[in-house]
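# Overview (structure and organization)
Given next are the chains, with one letter for each unit.
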Amino acid sequence: MARKLAAGNWKMNGTTEALTEVAALTALLEAEACEVLLCPPATLIARMADMAHGSALMIGGQTCHPNASGAHTGDISAQMLADAGASHVILGHSERRADHGETDEDVAAQVTAALTSSLIAIVCIGETEAERDAGVTLNVVGTQLAGSIPEGADLSRLVVAYEPVWAIGTGRTPTLDQIADVHDHIRAELSGRFGSAAQDVPLLYGGSVKPSNAAEIFAVSNVDGALVGGASLKAADFGGIVSALSGA
Ligand code: 13P
């Protein structure tokens, strides 16, 4: 059985004043039956990791460079994220793929770097609306999955997030059957490639998850949690999603 994970992706949101939400969230967390993670902008990682110390909250980054150090202005390495107090890193988010041209090959190199620095890699995959309409969702997701996970990856440090691009920030979500189809496919593909270790890889759904739809999504086959954008910015909303997962 995969562990359950509620992960928040703050994207390019949050300055010092947003730390009050982190304090509120850690106060809300009790003995949750799931893992809880927030991935803030890099500027807040160290401060949030200090605040989360001693609580159930874990902190992660939103991308990393494949190299450990070097002449890469503006980039951040997996080693630096770990040094700042991160335990996880989101890799290959559709916004990185679109805004920065990241390919599956790039993402696989980032995953290798993350695993080398003992981070847990959250690999994001998902189809565009045009791809869904063309009926090629499972092909697209399967290709991204195969290309974004490097040979010999340690599956105990891997999480996969299925995020349909058209569901991100739109308030639209796939039907529960559509989510089940994709998650079952991801589990089957991982099992075919890696064998029984694939059962332990948490599969997250992401795209317009909120407290009001979380419970029904968490009841779907092979959904082990969520990667949450907008609703992770407020402790009350994210706390509601954490409770739904904890009780799932
Ligand atoms: P929203 O929850 O805002 O739709 O964002 C999802 C997402 O992209 C998380 O990585």
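Here the structure is shown first, and the text comes after it.
So, a few notes on the structure that sits alongside this text.

### What to know about the site of the ligand
Lys 11, His 93, Glu 163, Gly 169 and Ser 208 are the nearest of the 13 residues found near the ligand. Asn 9 has a polar side-chain atom sitting 3.0 Å from an oxygen atom of the ligand. The separation between an oxygen atom of the ligand and a polar side-chain atom of Glu 163 is 2.9 Å. Taking 310 Å² as the accessible area of the ligand by itself, protein coverage stands at 94%. Along the lines of polarity and charge, the residues of the shell around the ligand split into four nonpolar, seven polar and two charged.

### A short note on helix 2 (residues 42–52)
Among all positions of helix 2, only Leu 44, Ile 45, Met 48, Ala 49 and Ala 52 are buried. Buried residues along helix 2 cover an arc of 140° about the axis, so they all sit on one side. For helix 2, exposure combined with an orientation more than 90 degrees from the buried face picks out Thr 43 and Asp 50. Next to the buried residues of helix 2 lie helix 1 (19–28), strand 2 (35–39), strand 3 (57–61) and helix 3 (78–84). One or two positions beyond helix 2, positive phi appears at Gly 54, with a value near 85°.

### Focus on unusual backbone geometry
Of note in the backbone geometry, Ser 118 takes a positive phi value of approximately 60° without being a glycine. When you line up the elements, Ser 118 lands in the loop between helix 5 (104–116) and strand 5 (120–125). Positive phi, normally seen in glycine, also occurs at Asn 222, with a value near 65°. By the secondary structure assignment, Asn 222 is in the loop between helix 9 (211–218) and strand 8 (225–228). Relative accessible area serves as the criterion here: at 24%, Asn 222 is assigned to the partly exposed category.

Rules of the game
Residues numbered from 1 in each chain as written. Predicted model: local features only at pLDDT ≥ 70, side-chain atom pairs only at ≥ 80, totals over all residues. Heavy atoms only, no water. Near = heavy atom within 4 Å. Polar contact = N/O pair within 3.5 Å; in protein donor to acceptor, adjacent residues only side chain to side chain. Areas by Shrake-Rupley, 256 points an atom, 1.4 Å probe, with all protein chains shown as cover. Nonpolar A, V, L, I, M, F, W, Y, C, P; charged D, E, K, R; others polar. Buried < 20%, exposed > 50% of the residue type's maximum accessible area, 1.4 Å probe, protein only. Helix = DSSP H or I, 4+ residues; strand = E, 2+ residues; numbered from the N terminus. Arc of directions from axis to C-beta. Contact = heavy atoms within 4.5 Å.

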